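Listed below, chain by chain, are the residues.
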Amino acid sequence: MLSRNEVKYIQSLCHKKQRTEDGLFLAEGVKIADEILASDYTIKKIYATEAWYSQHKALTVPVKVITDAELERISQLQTPNEVLLVVEQKPETILNGQIHDWVLVLDGIQDPGNLGTIIRIADWFGIQQIVCSNDTVEWYNPKVIQSTMGSFLRVKHWYTPLPTWLQQVKVPVLGAVLNGKPVQQIQKYNHAILVIGSEGKGIRPELFPYLTEPVTIVKKGGAESLNAAVASGILISHLIGI
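Conventions adopted
- Residues numbered from 1 in each chain as written.
- Predicted model: local features only at pLDDT ≥ 70, side-chain atom pairs only at ≥ 80, totals over all residues.
- Heavy atoms only, no water.
- Helix = DSSP H or I, 4+ residues; strand = E, 2+ residues; numbered from the N terminus.
- Buried < 20%, exposed > 50% of the residue type's maximum accessible area, 1.4 Å probe, protein only.
- Contact = heavy atoms within 4.5 Å.
- Lys, Arg positive; Asp, Glu negative; His and termini not counted.
- Charge placed at Lys NZ, Arg CZ, Asp CG, Glu CD.
- Core = buried A, V, L, I, M, F, W, Y, C linked by side-chain atoms within 4.5 Å.
- Pairing = 2+ DSSP bridges.
- Axes fitted to C-alpha atoms, helices over the stretch in contact; angles between N-to-C directions.
- 1 Å grid on protein atoms, 1.4 Å probe; cavity = no way out; pocket = protein on both sides within 12 Å on 5 of 7 lines; lining within 4 Å.
- Points joined across faces, edges and corners; volume = space filled by probe spheres on them.
- Nonpolar A, V, L, I, M, F, W, Y, C, P; charged D, E, K, R; others polar.
- Parallel < 35°, antiparallel > 145°, perpendicular 65-115°, else oblique.
- Left-handed = near helix turned anticlockwise from the far one by under 90°.
- Polar contact = N/O pair within 3.5 Å; in protein donor to acceptor, adjacent residues only side chain to side chain.
- Phe/Tyr/Trp six-rings, centres within 6.5 Å; stacked < 30°, edge-to-face > 60°.
- Salt bridge = Lys/Arg side-chain N within 4 Å of Asp/Glu carboxyl O.

Describing the overall build of the protein
Logical step 1: Scanning the protein from N- to C-terminus turns up 9 helices and 10 strands.
Logical step 2: Taken across its 242 residues, the protein has 48% of its residues classed as buried.
Logical step 3: Here the contacts in the protein between residues at least 6 apart in sequence split such that 75% fall between residues at least 24 apart.
Logical step 4: Charged side chains in the protein number 23 positive and 24 negative. The centres of these two groups are separated by 2 Å.

Listed below in structure tokens is the structure:
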């Protein structure tokens, strides 16, 4: 049985302040649980239904078997899915000016679903590093973790003041803007940076001096803009391909 204190603490990890103080995050669902168990992340505790535990009895990680009703009390999902993990966060991966691959830079992305989807896109195309502005939504936000579908395990991250970092890099810096060069006309690079701006405002003006190639997705219809994650997927598919 879950104690009141356990419920209260797990619920507190839904808030960034508690996650940051304790260096922990929550992950839910069978697929993500299996991927985390197969990764090098450290799991502090697992809360699971009997159905899930019956298939994972060989685990050395602490597991507390709970009822479906108890799982619902601590779950952030509309439909709780058998298992919830409390996991240690990993340190950020600081990236110096020496870049030998593609790096995705996110400037002020606010929507957790967008960040999670962008992480999945990066993982799909083999981008292993994302650099975020300090006001981009937190990497370990539960909604981000869920929407990555496990891709956060394979993509490194770093939050830093972008102007300070961009002025140090020695590779081409492409930025997604409304009036740039059509993406189909951009040459293929083996290593470069792609900057994606916030959902509402795009790339901040203070980053423009660091863009060596403004790039645009040419539109034919009347839509004012694209979702940040959608734009990321289209641009990366053209710039990198598979």
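Topic: the nonpolar core
Logical step 1: Counting 49 residues, the largest nonpolar core has I36, L104, L106, I130, F152, L174 and L194 as its most contacted members.
Logical step 2: In this structure, I130 is in contact with L104, L106, I118, I119, A122, W139, V155, K156, H157 and W158, ignoring residues within four places of it in sequence.
Logical step 3: Counting residues in hydrophobic clusters, the runner-up holds 17 residues, among them V103, V173, I193 and V195.

Examining the pairing of strand β1 (residues 24–28)
Logical step 1: Summarising burial for β1: 5 of the 5 residues are buried, a large majority.
Logical step 2: Side-chain alternation along β1 places L24, L26 and E28 on one buried face and F25 and A27 on a second face that is also buried.
Logical step 3: By the bridge criterion, 5 bridges tie β1 to strand β4 (residues 83–88) in an arrangement that is antiparallel. Pairing of E28 across the sheet is with L84, part of β4.

Let's talk about the sheet that holds β1
Logical step 1: Read from one edge to the other, the open sheet built from 4 strands follows the order β1-β4-β2-β3, with strand pairing classed as mixed. On the outer flanks of this sheet lie β1 and β3 (63–65), each paired with one strand and no other. Across the sheet, the mean angle separating the axes of adjacent strands is 15° when strand polarity is ignored.
Logical step 2: Where strand β2 (residues 43–48) and β3 come together, 3 bridges link them in parallel fashion. Residue pairing for β3: I46 is matched across the bridge by V63.
Logical step 3: Contacting β1, β2, β3 and β4, helix α1 (residues 4–12) crosses the sheet at an angle of about 115° to β2.
Logical step 4: Lying over the sheet, helix α3 (residues 30–37) contacts β1, β2 and β4, oriented at roughly 35° with respect to β4.

Concerning the layout of surface pockets
Logical step 1: For the largest pocket, the calculated volume is near 680 Å³.
Logical step 2: V177, L178, E224, S225 and L226 are the residues nearest the centre of the largest pocket, which is lined by 26 residues in total.
Logical step 3: Listed by contribution, the elements that provide at least two residues to the lining of the largest pocket are β8 (173–182), β9 (192–197), β10 (213–216) and α9 (228–239).
Logical step 4: Of the residues that constitute the lining of the largest pocket, the class distribution is 14 nonpolar, 8 polar and 4 charged.

Observations concerning the packing of helix α6 (residues 112–124) against α9
Logical step 1: Between α6 and α9, the shortest axis-to-axis distance is 8 Å and the interhelical angle comes to 15°. Taken together, α6 and α9 sit at an angle that is classed as roughly parallel. Relative to α9, the crossing made by α6 is right-handed. For the pair formed by α6 and α9, the contact residues are N114, T117, I118 and I121 on the first element and A228, A229, S232, G233 and I236 on the second.

A look at the side chain of K64
Logical step 1: Relative to the assigned elements, K64 resides in strand β3.
Logical step 2: Of the polar contacts made by the side chain of K64, one reaches the side chain of E6; its length is 2.7 Å.
Logical step 3: If near-sequence neighbours (up to four positions away) are discounted, K64 is found in contact with M1, L2, E6, K45, I46, Y47 and A48.

Considering the packing of aromatic side chains
Logical step 1: By the definition in use, this model includes 5 aromatic pairs.
Logical step 2: Where Y41 meets F152, the ring centres are 5.7 Å apart and the plane angle is 75°; that geometry is what we call edge-to-face. Highlighted residues: Y41 in the loop between α3 and β2 and F152 in the loop between α7 (142–148) and β7 (156–159), separated in sequence by 111 residues. An identical accessibility class is assigned to Y41 and F152; each is buried.

Looking at the pattern of salt bridges
Between side chains of opposite charge, a pair can form when the charged atoms approach closely.
Logical step 1: Taken as a whole, this structure holds 11 salt bridges when the rule is applied.
Logical step 2: With a shortest N-O distance of 3.9 Å, E213 and K181 are connected by a salt bridge. With E213 in strand β10 and K181 in strand β8, the pair connects residues that are 32 residues apart, well separated along the chain.
Logical step 3: The class for E213 is buried, based on a relative accessible area of 14%.
Logical step 4: A cluster of three or more residues bridged by salt bridges with shared partners is formed by K31, E35, D123 and R154.

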